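Residue-level structural notes
One-letter residues, chain by chain:
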Amino acid sequence: MKAIIAEKPSVAREIATLLGASEKKDGYLTGNGYFVTWAFGHLVGLAMPGDYGITGFDKASLPILPNPFLLTVRKVKKDKGYTADTGALKQLKVIEQIFNQSNSIIVATDAGREGELIFRYIYEYLKCNKLFERLWISSLTEKAIKQGFDNLKSGSDFDGLYQAAQGRSRADWLVGINASQALSIAAGNGIYSLGRVQTPTLALICKRYLENKNFKVQKYWQIQLLHNKEFIDFKSISVKKWEDKKQVEDTLKSIQRNGNVATVTSVESKNVTEQAPLLFDLTGLQKEANKKLNLSAEETLNIAQSLYEKKFITYPRTGSKYIPEDVWAEISNLVRALQDRETCKQAVTKVKWGRFNKRIVNDLRVTDHHGLLITDKIPSALSPKENAVYDMIALRLLEAISGACIKEVTDIALEALHDDFILKGCKILESGWRGIKGYFSDEDSEPVQDLPELRKGDEIKIKESIVLEKTTKAPVLYTEAGLLSAMESAGKKIENEEERKALQNIGVGTPATRAAIIETLFSRNYIQRAKRSLIPTEKGLQVYELVKDKKIANVAMTAEWELTLQKIENNESDATDFQSEIETYATTITNELLESTIAKENLPQLTCPKCKSQKLIIRDKIVKCPDEVCNWIQFRNVCGVQVSIVDVERLINKGKTSLIKGMKSKAGKKFDAYIVLNGDYKTSFEFEKSKGHKK
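The numbering scheme is per chain: residues are counted from 1 as the chain's sequence reads. Owing to the predicted nature of the model, reporting of local features is limited to residues with pLDDT of at least 70; listing and counting of side-chain atom pairs is limited to 80 or more, with chain, interface and lining totals taken over all residues. Neither water nor hydrogens contribute to the side-chain values; these are computed over all heavy atoms in the structure.

We now examine the overall build of the protein. Only DSSP runs of H or I with at least four residues qualify as helices, and only runs of E with at least two residues qualify as strands; both kinds are numbered from the N terminus onward. Within the protein, the regular secondary structure consists of 20 helices and 28 strands. Each principal axis of the C-alpha distribution contributes one length, and for the protein these read about 90 × 75 × 55 Å. The buried share of the protein, reckoned over its 695 residues, is 49%. Computed by Shrake-Rupley with a 1.4 Å probe, the accessible areas treat only the displayed protein chains as cover when residues are assessed. For the protein, the exposed area adds up to about 35,000 Å²; of that, 47% sits on carbon and sulfur atoms. In this tally, Lys and Arg are treated as positive and Asp and Glu as negative; His is ignored, and so are the chain termini. To locate a charge, take atom NZ for lysine, CZ for arginine, CG for aspartate or CD for glutamate. Distance from the positive charge centre (103 side chains) to the negative charge centre (90 side chains) of the protein: 6 Å. Partly exposed residues are those whose accessible area sits between 20% and 50% of the maximum for their type, while under 20% is buried and over 50% is exposed, using a 1.4 Å probe and protein chains only.

See below:
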């Protein structure tokens, strides 16, 4: 018998159906010489400090450097502690029995770093030593699975991938556990979380927020001229930017008094070629979906994973935008299949058959998985969000195989009196890939105007002239799309030139983990959304101020580690050396943080409203009475809004907060209300108009 282990039950069922293992058992399927079982994500993980006998946050125990690292069954929080997840324990027993009854194992967890780690940690925890082979596929279509089983690879071929995954896992543990405990001890008030990747990401958000907040806006003025020639209206704008309003108004009057005429001083035309975009990798898809659909990175990943499991797209957690030569042969069939999809039918008619652009084919640029593609299975019934993300991937494929867009761009200089003016014109010579959607300029840039025939020396009448008041622009706050770009290109921001060159294509985190990092910052109450922008909370800024000059916030170091992990994956670097480096680093930052002092919030001294004797403990997530008999508690996050310290004080002292705006009901509807303390010391809402109470 052969054992097959997948990452999820849904994938296991697909494989079992194909192999004829149709008999359902508790935790696995069997038949035709196979046992097909599954994990539920990470069933096994690195043990926590308590498993090494270290309880609580103790300065004397830091830094914690496990040797060896222990593995433990996934744990869940219960009451005041953590306990083994009963579902994980049960499934591990099933997997152990199946491994014991089998001659060999086929690994069918997701083909990537995390999928490899999920299996290897189970394999190691169960002390299994059976030979295993690897199913390495990029889509879950029947054809792809069959090809994968025909080309099973030796498990040892992926030792580098496992060592990189294990190295990342241990590095995150060493940095996260030690730094978080050290900062929490230094703060002496609540739990603070730091991490190898989450802290440099928080630093990016805080730095941009403070640059935006502290930016001094300055006014300046330009003159805009409106012209008409050959029945075409067009505009030019002054090169000069005036800082004095009176000066610009005087200049405008002089132009008007002197005949309202501008002279063409130069005309320069050139052809500009815009290459077709490459396929989406995961980060590219997340950025596009955030810009166009306002989806978070996490939402986009979940939708893409769902489309993958329904066999509509290839493996989504990819870091490549290219495909290998052998996949190119499939492209024509994929394009033909899109003729049956209503939303893509029109775009398919614009594709030039027989002249497909092969720019996306590059075997050397394909990592674990190729760029995102659709499969030949075309969806019919999807949710609106799934449809929108699917169409993004499908239309990007059509754009990628289309030719370049060729434009004739004309730059014209004018002179009016003694001042220079400029204008730009554009003519589409060949629509190419931009014809697929019919957008000929990027959505965030101004559309380029049509121009009449103009020659040097031509005199053009000025129909109208106006002064435009403008302001200097502050650095824009990060949206999720902007943050993903910053994480992706973190290496380019490094000041040291040699480091920057070495790390320019290396980011913070990987395409597969960036969404989770952003979500972690939300869950830690370090960042929040302000419309579409990401801004730090008071707590996030407090942490940033403490760590901004320390190693843990160093983007360059985090990017360097990503490069080392890639090298370990490719068997070009040693995993043991990497762990030693991380241990040294964890020791340094632990000592740095223990010597720090964090500004204590000037918290009010409030007496418990219920027992009237104890002083309340105020944390960023809860306000509670320390007396376990009294046990009065109030959560500070109410319907998605953080209750301020001022409102906590009002609630306790006056029995009612100020009007809290923007709370969300379970149905997702926004509402405003007061939080009031009732006679039984429980809280409820009071609405502004009705003044009625709602529990």
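Turning to empty space enclosed by the protein, a few remarks are in order. Definitions used for this entry: grid spacing 1 Å over protein atoms alone; cavity, a set of points where a 1.4 Å probe fits but cannot get out; pocket, an open set with protein on both sides within 12 Å along at least 5 of 7 lines; lining residue, one with an atom within 4 Å of a point. Grid points are joined across faces, edges and corners, and a volume is the space filled by probe spheres set on the points. Going through the model one piece at a time under the given rule, you end up with 3 cavities of 30 Å³ or more. By volume, the largest cavity is sized at about 80 Å³. Val11, Ile15, Ala108, Thr109, Asp110, Ala111, Leu135, Ile137, Leu140 and Tyr308 are the residues that line the largest cavity. By the convention adopted, Pro, Cys, Tyr, Trp, Phe, Met, Ile, Leu, Val and Ala count as nonpolar, Lys, Arg, Asp and Glu as charged, and the other residues, Gly among them, as polar. Residue composition of the lining of the largest cavity, grouped by class: 8 nonpolar, 1 polar and 1 charged.

For a regular strand, side chains alternate in direction, first toward one face of the sheet and then toward the other. Of the two faces of strand 19 (residues 533-536), both are covered, the one formed by Ser533 and Ile535 as well as the one formed by Leu534 and Pro536. Taken together, strand 18 (residues 527-530) and the strand that follows it, strand 19, pair antiparallel across an intervening segment of 2 residues, in which Lys531 is found at a positive phi of about 60°. One requirement defines pairing of two strands: DSSP has to find at least two bridges between them.

A separate point is the packing of aromatic side chains. Ring geometry is summarised as follows: Phe, Tyr and Trp rings, the Trp one being its six-membered ring, pair when their centres sit within 6.5 Å, and such pairs are stacked at plane angles under 30 degrees, edge-to-face over 60 and tilted between the two. Counted by the stated rule, this structure contains 14 aromatic pairs. Consider the rings of Phe671 and Phe685, whose centres lie 5.3 Å apart with planes at 70°: the pair is edge-to-face. Residue Phe671 is found in strand 26 (residues 670-677), and its partner Phe685 is found in strand 27 (residues 683-686); the two are separated by 14 residues along the sequence. Residue Phe671 shares its accessibility class with Phe685, and that shared class is buried.

Taken together, the side chains of Glu560, Asp574, Asp577 and Glu581 define an acidic patch exposed on the protein surface. Summarising the element assignment, Glu560 is placed in helix 18 (residues 555-569). Relative accessible area serves as the criterion here: at 36%, Glu560 is assigned to the partly exposed category. Think of a patch as exposed residues, more than 30% relative accessible area, with no salt bridge, where like charges cluster within 9 Å and nonpolar side chains (Val, Leu, Ile, Met, Phe, Trp, Tyr) cluster within 5 Å. The term salt bridge refers to a side-chain nitrogen of Lys or Arg lying within 4 Å of a carboxyl oxygen of Asp or Glu.

Read once around its circumference, the closed barrel built from 6 strands follows the order 12-13-16-15-14-17, with strand pairing classed as antiparallel. Neighbour to neighbour, the strand axes of the sheet diverge by 35° on average, direction disregarded. The pairing of strand 15 (residues 405-416) with strand 16 (residues 419-430) spans 11 bridges and is antiparallel. Residue Val409 lies in a different strand from strand 16, and its bridge partner there is Cys426. In this analysis an axis means a line fitted to C-alpha atoms, helices contributing only their contacting stretch, and an angle means the value between N-to-C directions, from 0 to 180 degrees.

Summarising the element assignment, Ile552 is placed in the loop between helix 17 (538-547) and helix 18. Residues Ile552 and Val175 lie 377 residues apart in sequence; the distance between their C-alpha atoms is 8.4 Å. It only takes one pair of heavy atoms within 4.5 Å for two residues to be counted as in contact. Not counting residues up to four positions away in its chain, the partners in contact with Ile552 are Val175, Ala179, Leu194, Gly195, Thr199, Pro200, Val547, Tyr585 and Ile589.

This paragraph deals with the packing of helix 8 (residues 282-293) against helix 14 (residues 480-488). Each pair of packed helices gets described by two things: the angle between the helix axes and the distance between those axes. Two elements in contact, helix 8 and helix 14, have axes whose closest approach is 8 Å; the angle formed by their N-to-C orientations is 155°. In terms of axis orientation, helix 8 runs roughly antiparallel to helix 14. Viewed along their axes, helix 8 and helix 14 form a crossing whose handedness is left-handed. Between helix 8 and helix 14, the residues in contact are Thr283, Gln286, Lys287, Asn290 and Lys291 and Glu480, Ala481, Leu484, Ser485 and Glu488, respectively. Across the contact of helix 8 with helix 14, the residue classes tally to 2 nonpolar, 4 polar and 4 charged. For this classification, under 35 degrees means roughly parallel, over 145 means roughly antiparallel, 65 to 115 means roughly perpendicular, and everything else is oblique. The handedness criterion is simple: a crossing whose near helix is rotated anticlockwise from the far helix by less than a right angle is left-handed, and one whose near helix is rotated clockwise is right-handed.

Further remarks concern the nonpolar core. Joining through side-chain atoms within 4.5 Å is the link that ties buried Ala, Val, Leu, Ile, Met, Phe, Trp, Tyr and Cys residues into a set, and such a set is a nonpolar core. The biggest cluster of nonpolar side chains holds 90 residues, and the ones touching the most others in it are Phe99, Ile105 and Ile122. Considering every element that reaches this core, the biggest residue donor is helix 5 (residues 159-187), with 12 residues. Setting aside residues no more than four positions away along its own chain, Phe99 makes contact with Ala3, Ile5, Ile105, Phe119, Leu126, Cys128 and Lys130. Formed by 62 residues, the second largest nonpolar core is a distinct cluster that contains Ile145, Phe280, Ile313 and Ile331.

The next thing to look at is helix 2 (residues 86-101). Every helix has an expected span of 1.5 Å times one less than the residues it contains. With 16 residues, helix 2 should cover 22 Å at 1.5 Å per step; its first-to-last C-alpha distance of 23 Å lies within 8% of that length. Within helix 2 the residues assigned to the buried category are Ala88, Gln91, Leu92, Val94, Ile95, Ile98 and Phe99. With its buried residues spanning 160° around the axis, helix 2 presents them on a single face. Seen from the open side of helix 2, the exposed residues pointing more than 90 degrees away from its buried face are Thr86, Lys93, Asn100 and Gln101. Where helix 2 begins, one side-chain oxygen reaches toward the backbone nitrogen of Gly87, 2.9 Å away; that side chain belongs to Asp85. Taking the helix axis as origin, the arc is that swept by the directions to the C-beta atoms. Whenever two N or O atoms come within 3.5 Å, that pair is a polar contact, provided that in protein one can donate a hydrogen and the other can accept it, and provided that, for residues adjacent in sequence, both atoms are side-chain atoms.

Attention now moves to helix 6 (residues 198-213). Counted at 1.5 Å a residue, the expected span for helix 6 with its 16 residues is 22 Å, and the 22 Å between its end C-alpha atoms agrees. Tucked inside the fold, the buried residues of helix 6 contact helix 14, helix 16 (514-523), strand 18, strand 19, helix 17 and helix 18.

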